[in-house]
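What follows is each chain in one-letter form.
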Amino acid sequence: MNRPLMHHRYSSDMALLNTRAKKVAMLALLAVAALLALLLTDDYLQLLATGAATAIGIIGLNLATGYAGQVSLGHAFFLAIGAYTAAAISGDPHGRTIGLGITSILVWLPAAGLVAAAVGALVAPLAVRLRGLYLAIVTLGLVFVGGYVFGEWRELTGGSGIGRPAAVPELFGVRLDRSTALFTRDQQLYWLMLTLLVLFALAARNVARSRVGRAFNAIRDRDIAAGIMGINLARYKTIAFALSSFYAGCAGGLLFCITGYLTPDNFNLALSVVAIAMVLVGGAGTISGAVLGAFFFTLLSPLTKALPSLVPAVTDDATRTPNIFQLETVAYGALIVVFLVFEPRGLYGLWVRLRSYWKAWPFSY
Amino acid sequence: MTEAIQILSRGLGAGGIYALLSLGFVIIYRASRVISFAQPALMLAGAVIVSRLAPEVGFYGALAAGMALTATLALAVERVAVRPMVGRPVFTVAIITLGVDAVIRVFANSVIGVGLLQLGDPWGLSETTVFGVEVQQRSLVIVAATALAGTILYVFFRFSRMGLAMRAVAVDQETALAHGISVGAVFAFSWAIAGALAALGGAMAAVGGSVDANLWLTALVALPVIILGGLDSLPGAVVAGLVVGVVQETLATYQHTFPNWLGGNVATLTPFAVMMIVLLVRPYGLFGTREVERV
């Protein structure tokens, strides 16, 4: 059996890592990722942990938008629901804001996901009735409604501009957001986010190659045809929204563990737009693309922050022009435009091109 | 009664701005089936240009120049970022306009800086008496501007050659192409008109206030308005804009009587709430064309 690309059975063709090269590369990647925690300094680890938590949310958005074709500009809203559910469950019962005092991540993480999923399922009837851009604008409306509700509900959120402490990550009695005798805070958080990202990515891959995933793809490609083939549109669009919101809820809960603090102002339209940008720049309809996109944008921000020391004309003073915040926004906008015009499959598409080039090298076919 | 007329005038004033912006969205949508998320940035850019030119050439000259310049900017956006995407999924194009929006907005905001730009308009917040009721002049001006723009657009679409071509493209792009209509010219013209309307709307929104970075949020409120009126209906955009404006002003006037748990500024949610309710009943808005599903 030394012809690894020849599949004799459907199951081996559909396997997650269907070639030996992929198996080896994936194991090596995971090993390197796990060991990075011992090599890098804490601020880089914090950045990577943020990237991993973001990637979970982007995988969720990709399930709805990339796989099922249901464009959602409301991802910030679902992130907010997850973040506040998690914060409320693990918060200090005697604090200024609502808190139940249950700090175990095993409780608040599933709860954050489930509450967001329930809200996603509530919104789904709109998705069932609407298509394309109508849906995009309605989900955009969710961000505004959510922004208002979270801004006004001060017992839960602390109010706009003030905020509240975020969820507390505690696993089997160990506070992961405090340095222990062996490891620093950021090493622990990085490992936590990395493990969760692997779990969530695996689950999403499995959904994508199941009956549900095939139904999603059929709906994305032509919903009328999918309906005629016997796919229950209402049911699968609801599943897509609930699943996507579940991922967003979990990501929301995790993301703010790292900084430890959140305000309602975090969840604005710009967040939704960046989320869509991550999906499109990474590669719509692929899990690895979603992860790539999330890390790409997360790692972009320290680059722009380093700009003032490299280019003297650029300042980090928000009141002067040109400053790094302006450059960052312009870079986001320009990246979206450039990728969509020149490489619609995103970073994943670039990787596929590179791979097939070297596979066939030195031939061009 | 006095209060009712004042609410109505304020509401129509706010609604007129929504209507002007919505007309721009709808004209672009009819030509290319794309919602241009760049419209809010064009509105901000238009308002900034008007406020910078007003001290030099006076308000009316600045308004005309601002509309022309914003139309040119919109033309450039269409040519560079949107035209190459013909035939690609409409959502892709919509996301591209989101990117363009971010870029233009940064430049407009950097002109605004930390200060507030004054428009230099002749009305400000002064009031005038209509039927014995004090109403703000700016409301009347906005309603007049909306009516004027609406009439010009009606005459243009109804009687001019280009207007006919644009209506034909809105019905069926390929058939229009087969009849010798230059679809590219229609795209360009639609974006130019939308740009000019955005500048007018932006200037009107800043009358009596100032041009600041939050102005573009007003344009985002125009999004539920176009959904409400129906994405491809010009009269729908005007009617829905005015309705949303009046409902919002009414709620804003009486919201201090609402229960406390609703919060202090619930009227800002009106456009979105009205949109969601209407969409559950009528998925294509009030006046939108029902899409025929062909297999």
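Analysis parameters
Residues numbered from 1 in each chain as written. Chains lettered and ligands numbered in written order. Predicted model: local features only at pLDDT ≥ 70, side-chain atom pairs only at ≥ 80, totals over all residues. Heavy atoms only, no water. Salt bridge = Lys/Arg side-chain N within 4 Å of Asp/Glu carboxyl O. Helix = DSSP H or I, 4+ residues; strand = E, 2+ residues; numbered from the N terminus. Buried < 20%, exposed > 50% of the residue type's maximum accessible area, 1.4 Å probe, protein only. Contact = heavy atoms within 4.5 Å. Polar contact = N/O pair within 3.5 Å; in protein donor to acceptor, adjacent residues only side chain to side chain. Axes fitted to C-alpha atoms, helices over the stretch in contact; angles between N-to-C directions. Left-handed = near helix turned anticlockwise from the far one by under 90°. Nonpolar A, V, L, I, M, F, W, Y, C, P; charged D, E, K, R; others polar. Patch = residues over 30% accessible without salt bridge, like charges linked within 9 Å, V, L, I, M, F, W, Y side chains within 5 Å. Areas by Shrake-Rupley, 256 points an atom, 1.4 Å probe, with all protein chains shown as cover. Lys, Arg positive; Asp, Glu negative; His and termini not counted. Charge placed at Lys NZ, Arg CZ, Asp CG, Glu CD. Expected span 1.5 Å × (residues − 1). UniProt positions renumbered as here; feature names shortened; annotations may be inferred. Phe/Tyr/Trp six-rings, centres within 6.5 Å; stacked < 30°, edge-to-face > 60°. Lys NZ or Arg CZ within 6 Å of the ring centre and 35° of its normal. Parallel < 35°, antiparallel > 145°, perpendicular 65-115°, else oblique.

Enquirer: Which parts of the structure should I look at to understand the pattern of salt bridges?
Expert: Should their charged atoms come close, side chains of opposite charge can pair. All names here are of chain A. This structure, assessed with the given rule, holds six salt bridges over all chains. Across the pair Arg353 and Glu343 runs a salt bridge, and its minimum N-O distance is 2.9 Å. Placement of Arg353 in helix α15 (residues 346-360) and of Glu343 in the loop between α14 (324-342) and α15 is noted, with a sequence separation of 10 residues between them. Looking at Glu343, the relative accessible area reads 6%, which means it is buried. Here the salt bridges share partners, and the residues they tie into one network are Glu343, Arg345 and Arg353.

Enquirer: Would you take a moment to explain the interface of chain B and chain A for this structure?
Expert: Tallying the contact residues gives 49 residues for chain B and 36 residues for chain A. One can count zero salt bridges joining chain B with chain A. One can count zero residue pairs in polar contact (both at pLDDT 80 or more) joining chain B with chain A. Of all the elements in the fold, those that place two or more residues in the side of chain B that touches chain A are α3 (90-112), α8 (215-229) and α10 (270-281) of chain B. For the side of chain B that touches chain A, the element with the highest residue contribution is α3 of chain B, accounting for 13 residues.

Enquirer: I keep staring at the packing of helix α2 (residues 39-82) of chain B against helix α7 (residues 183-206) of chain B and nothing clicks. Help me out?
Expert: Two quantities define a packed helix pair, namely the angle between the axes and the distance from one axis to the other. Residue and element names in this part refer to chain B. Close contact between α2 and α7 brings their axes to 8 Å; oriented N to C, the two are set at 145°. For the element pair α2 and α7, the recorded crossing hand is right-handed. When its residues are assigned to classes, the contact of α2 with α7 shows 23 nonpolar, seven polar and one charged.

Enquirer: Sorry if this is basic, but what is going on with a positive patch on the surface here?
Expert: Residues Lys22, Arg205, Arg209, Arg355 and Lys359 of chain A make up a contiguous surface patch of positive charge. With respect to the helices and strands, the residue Arg205 of chain A is situated in helix α8 (residues 185-208).

Enquirer: Mind showing me how you'd approach a nonpolar patch on the surface here?
Expert: Taken together, the side chains of Leu35, Leu38, Leu39, Leu182 and Phe183 of chain A make up a nonpolar region of the molecular surface, amounting to roughly 550 Å² of accessible area. As for its placement among the helices and strands, Leu182 of chain A is situated in the loop between β3 (174-175) and α8.

Enquirer: Looking at this structure, how should I read the environment of Ala219 of chain B?
Expert: All names here are of chain B. The residue Ala219 is located in helix α8 in this model. In sequence terms Ala219 and Pro84 are 135 residues apart; their C-alpha atoms lie 26 Å from each other. Setting aside anything within four residues of it in sequence, one finds Ala219 in contact with Leu21, Phe25, Pro40 and Met43.

Enquirer: Help me understand helix α13 (residues 287-310) of chain A in this model?
Expert: An α-helical turn contains 3.6 residues, so a residue and the one three or four places further along point in the same direction. All names here are of chain A. The first and last C-alpha atoms of α13 sit 35 Å apart over 24 residues, in line with the 34 Å expected at 1.5 Å per residue. Within α13 the residues assigned to the buried category are Ile287, Gly289, Ala290, Val291, Gly293, Ala294, Phe295, Phe297, Thr298, Leu300, Ser301 and Thr304. Of the residues flanking the start of α13, the one acting as N-cap is Thr286, its side-chain oxygen 3.2 Å from the backbone nitrogen of Gly289.

Enquirer: Can you help me understand the UniProt feature "transmembrane region" (unreviewed entry) in chain B in this one?
Expert: Residues and elements named next belong to chain B. Within the UniProt annotation, "transmembrane region" (unreviewed entry) is assigned to residues 12-29, 57-77, 89-119, 139-157, 177-207, 213-231 and 261-281. Along residues 12-29 the backbone is 100% helical and 0% strand, and the end-to-end C-alpha distance reaches 24 Å. The span residues 213-231 is 79% helix and 0% strand, and its two end C-alpha atoms sit 27 Å from each other.

Enquirer: How should I be thinking about the packing of aromatic side chains in this particular structure?
Expert: Given two aromatic rings, one states the distance between the centres and the angle between the planes to describe the pair. For the coordinates displayed, the defined rule picks out 12 aromatic pairs over all chains. Considering the side-chain rings of Phe156 of chain B and Phe189 of chain B, the 5.7 Å spacing of their centres and the 15° angle between planes classify their relative orientation as stacked. Remark: Phe189 of chain B occurs in helix α7 and Phe156 of chain B occurs in helix α4 (residues 137-159); sequence separation between them is 33 residues. Cluster of aromatic residues (ring-pair linked, three or more members): Tyr84, Phe150, Phe256 and Phe267 of chain A. Lying across the ring of Tyr236 of chain A, Arg235 of chain A places its NZ or CZ 5.4 Å from the centre. Taking NZ or CZ as reference, Arg30 of chain B lies 5.9 Å from the ring centre of Phe157 of chain B, over its face.

Enquirer: In this structure, what is going on with the packing of helix α4 (residues 75-90) of chain A against helix α6 (residues 132-152) of chain A? I would like to understand it.
Expert: Residues and elements named next belong to chain A. The geometry of α4 relative to α6 is characterised by a closest axis approach of 9 Å and an angle of 30° between their N-to-C directions. Comparing the axis directions of α4 and α6 gives the class roughly parallel. In this structure, α4 contributes Phe77, Phe78, Ala80, Ile81 and Tyr84 to the contact, and α6 contributes Leu142, Val143, Gly146 and Phe150. Classifying every residue of the contact of α4 with α6 by side-chain character gives eight nonpolar, one polar and no charged.

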